[in-house]
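# Observations on the three-dimensional arrangement
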Amino acid sequence: MWSGFSCRQRTIRFVTGIAVLFLISCHSATPQSKPGEPEINDVHFHLTNYIQNGTDIHDFLSIMGNKVGRVALFGIPLQQQWSYQNTGDFAPTYYLQTDAPLYYYSFTDAYIAMAYQSLTPKQQARFDPMITGFNPVDMYAADHIRRVLQTFPGVFSGIGEFTVHKEFVSGKIPGESASLTNPALDRILDFAAEVGLVVLIHNDVDAPFPKEGVEPVYLAQMKALLKKHPHGPIIWAHCGVGRIVRPVKQHAAMLESILSDASMQNVYFDISWDELAKYIVASPESVRITADLINRYPDRFLFGTDEVAPATQQKYLKIYSQYQPLWERLTPEANDKVRKGNYERLFDEARRKVREWEQANRISSAAGSGMLQSGKGQSLPR
Ligand SMILES: [Zn+2]
């Protein structure tokens, strides 16, 4: 599924594109939604970008409008440095625009929490904020997550999107490279399971420009990691696809080898990112293969946008329209679960568990040194 494009495929894609535009103009995108009900929940949304700028959360509520019900909300844990030595007066806003490094920007979690707290309770109910500002090679990363929960109780439901392997990003972070075999990552996932946090992880399954017929370089490590952590929900972002890690043939079979394995029943996939969507809707064949897989495992896929600080609803929901051919091939049950139901099931449960954990692990003052002390339910080694 989702292999590279030949000329013929490009022609098919063009024809499919015309058909899609026709269908979008003729049909409601979601025949399963009742009038006035939101059509989707978004499991993957960045309020801020690589220089920590973004959409005001009140404006974003207007952008969601009545189309989007709930959103998993996070910033970006990495800050792109503006190095005068590198780009002079040009201020880069994206990691591909400069050779200067990226660094972990933990303040993102406080920023997201305070944006959330500026909302009314009714508005807050539409968001599930996520903690992202930690370095996954640091054995203290789990302590950061604990500290954020205790400093901002009542806010967060999950961790992520955090990244292990990602094309040009991984190499731009100074120091030790993130790895799926690092015990620091085990500590993060153990703690998330203990608290009940949803985990959203980005890990390119392969190195850039993979070859056909060769097993993706990080697949075995990823499976081993997932098998070691069978307790809390783990969502593998973008089905493991990366910007220049296009899915090779057999990608659907690879996903199915995880979906069908009883030891990885807590693993889910999000279909966010237009880079993934373009492969899924590339041809009638790729749509059919993807829809067949989702129809066989309707509880295990979630819709997400992966938009970063969008300015308009049209830009925000571009990928939702892009997926129109997929929506049409899903069974009504799968369609509803992928767009909304799976999100609600996972995040309702996370909210309940995380609030319980916070109750049991309250600290008297966020500024107190007690933040680093063990609370009830503490299982992390000190
Ligand atoms: Zn990602």
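This structure is a prediction, so every number in the text was calculated from the model and none was measured.

## Things to note about the overall build of the chain
Helices and strands together make up the secondary structure of the chain, namely 16 helices and 11 strands. Buried residues in the chain amount to 54% of all 382 residues. In the chain, the share of contacts with a sequence separation of at least 24, taken over all contacts with a separation of at least 6, comes to 81%. Total accessible area computed for the chain in this model is approximately 16,300 Å², and 56% of it derives from carbon and sulfur atoms.

## So, the coordination of the zinc ion
Around the zinc ion, the protein supplies Glu161 (OE), His202 (ND1) and His238 (NE2) as donor atoms, at distances of 1.7 to 2.3 Å. Sequence spacing of the donors to the zinc ion: E-x40-H-x35-H. With Glu161 in strand β6 (residues 158–163) and His202 in strand β7 (residues 198–202), this pair connects stretches of sequence that are 41 residues apart.

## Remarks on empty space enclosed by the protein
For the structure shown, the criterion picks out 3 cavities of 30 Å³ or more. A volume near 70 Å³ is recorded for the largest cavity. Taken together, Tyr104, Asn135, Val137, Thr163, Val164, Ser170, Ile173, Glu176, Ser177 and Ala178 make up the lining of the largest cavity. For the lining of the largest cavity, the per-class residue count stands at 5 nonpolar, 4 polar and 1 charged.

## Structural notes on the sheet that holds strand β5 (residues 127–131)
Pairing is parallel across the open sheet formed by 9 strands, whose spatial order is β10-β9-β8-β7-β6-β5-β2-β1-β11. One side of each edge strand has no neighbouring strand; the edge strands of this open sheet are β10 (301–302) and β11 (307–308). Bridge count between strand β8 (residues 234–236) and strand β9 (residues 267–270): 3 bridges; the pairing is parallel. Following the sheet pairing, Ile235 is matched in β9 by Tyr268. Across the sheet, helix α4 (residues 107–117) lies against β2 (68–74) and β5, angled at about 165 degrees from β5, the strand it touches most. In the packing of helix α10 (residues 251–259) onto the sheet, contacts are made with β8, β9 and β10, and the angle to β9 comes to roughly 150 degrees.

## Some words on the pattern of salt bridges
Applying the stated rule across the entire model yields 21 salt bridges. With a shortest N-O distance of 2.7 Å, Glu333 and Lys337 are connected by a salt bridge. Residue Glu333 and its partner Lys337 are both found in helix α16 (residues 332–360); the two are separated by 4 residues, about one turn of the helix.

## Points about helix α12 (residues 284–296)
Taking 1.5 Å of rise per residue, the 13 residues of α12 would be expected to cover 18 Å, and the 18 Å separating its terminal C-alpha atoms lies within 8% of that figure. When α12 is considered as a whole, its buried residues turn out to be Ser286, Val287, Thr290, Ala291, Leu293 and Ile294. Taken end-on, α12 shows its buried residues confined to a sector of 160 degrees, consistent with a single buried face. Of the surrounding elements, those touching the buried residues of α12 are α10, α11 (274–280), β10, α15 (324–329) and α16.

## A few points about the layout of surface pockets
Volume-wise, the largest pocket comes out at about 420 Å³. Along its surface, the largest pocket is lined by 23 residues, and His46, Tyr50, Tyr94, Asp306 and Val308 are the ones closest to its centre. For the lining of the largest pocket, the secondary-structure elements that each account for two or more residues are β6 and β11.

## Regarding the nonpolar core
Within the largest apolar cluster, 86 residues are counted, with the highest numbers of intra-cluster contacts made by Phe127, Leu149, Ile159, Ile271, Phe301 and Tyr323. With residues near it in sequence (within four places) discarded, Ile271 still touches Cys239, Leu276, Phe301, Leu302, Phe303, Gly304, Ile319, Tyr323, Leu326, Trp327 and Val338. Grouped together as the second largest cluster of nonpolar side chains are 14 residues, Phe74, Met130, Leu200 and Tyr343 included.

## What to know about the packing of α10 against α12
The geometry of α10 relative to α12 is characterised by a closest axis approach of 11 Å and an angle of 5 degrees between their N-to-C directions. If you check the angle between α10 and α12, you find them roughly parallel. Contact residues: α10 offers Ala252, Leu255, Glu256 and Leu259, while α12 offers Ile289, Leu293 and Arg296. Of the residues assigned to the contact of α10 with α12, the class counts are 5 nonpolar, no polar and 2 charged.

## A look at the pairing of β5
In summary, the side chains of a regular strand alternate between the two faces of the sheet. Counted residue by residue, β5 has 5 buried out of 5 residues, so it is predominantly covered. In β5, alternate side chains face the same way, and those of Phe127, Pro129 and Ile131 on one face and Asp128 and Met130 on the other are all buried. Of the pairings in the sheet, the one linking β2 to β5 comprises 3 bridges and is parallel in character. Of the residues in β5, the one forming a bridge with Leu73 is Pro129. Two strands pair when backbone bridges link them, and β5 and β6 are joined in this way by 2 bridges, in the parallel orientation. The residue bridging Ile131 from the neighbouring strand is Ile159, located in β6. For the crossover that starts at β5, traverses helix α6 (residues 141–151) and ends in the parallel β6, the hand is right-handed.

## Topic: the environment of Val148
With respect to the element layout, Val148 can be found in helix α6. Owing to a relative accessible area of 7%, Val148 belongs among the buried residues under this scheme. Residues Val148 and Gly133, spaced 15 residues apart in sequence, show a C-alpha to C-alpha distance of 9.5 Å. Excluding its chain neighbours within four sequence positions, the residues that come into contact with Val148 are Asp109, Ile131 and Phe156.

## Description of the packing of aromatic side chains
Tallying each qualifying case throughout the model produces 17 aromatic pairs. When the centroid spacing of 5.7 Å and the interplanar angle of 85 degrees are considered together, the rings of Phe191 and Trp357 count as edge-to-face. With Phe191 in helix α8 (residues 183–195) and Trp357 in helix α16, this pair connects stretches of sequence that are 166 residues apart. Here Phe191 matches Trp357 in class, with each residue buried. One Lys or Arg, Arg300, reaches over the ring of Tyr268 and ends 5.9 Å from the middle of that ring.

Parameters at a glance
- Residues numbered from 1 in each chain as written.
- Predicted model: local features only at pLDDT ≥ 70, side-chain atom pairs only at ≥ 80, totals over all residues.
- Heavy atoms only, no water.
- Helix = DSSP H or I, 4+ residues; strand = E, 2+ residues; numbered from the N terminus.
- Buried < 20%, exposed > 50% of the residue type's maximum accessible area, 1.4 Å probe, protein only.
- Contact = heavy atoms within 4.5 Å.
- Areas by Shrake-Rupley, 256 points an atom, 1.4 Å probe, with all protein chains shown as cover.
- Donors = N, O, S within 2.8 Å, 3.2 Å for Na, K, Ca; no water.
- 1 Å grid on protein atoms, 1.4 Å probe; cavity = no way out; pocket = protein on both sides within 12 Å on 5 of 7 lines; lining within 4 Å.
- Points joined across faces, edges and corners; volume = space filled by probe spheres on them.
- Nonpolar A, V, L, I, M, F, W, Y, C, P; charged D, E, K, R; others polar.
- Pairing = 2+ DSSP bridges.
- Axes fitted to C-alpha atoms, helices over the stretch in contact; angles between N-to-C directions.
- Salt bridge = Lys/Arg side-chain N within 4 Å of Asp/Glu carboxyl O.
- Expected span 1.5 Å × (residues − 1).
- Arc of directions from axis to C-beta.
- Core = buried A, V, L, I, M, F, W, Y, C linked by side-chain atoms within 4.5 Å.
- Parallel < 35°, antiparallel > 145°, perpendicular 65-115°, else oblique.
- Right-handed = clockwise from strand over helix to strand, strands pointing away.
- Phe/Tyr/Trp six-rings, centres within 6.5 Å; stacked < 30°, edge-to-face > 60°.
- Lys NZ or Arg CZ within 6 Å of the ring centre and 35° of its normal.

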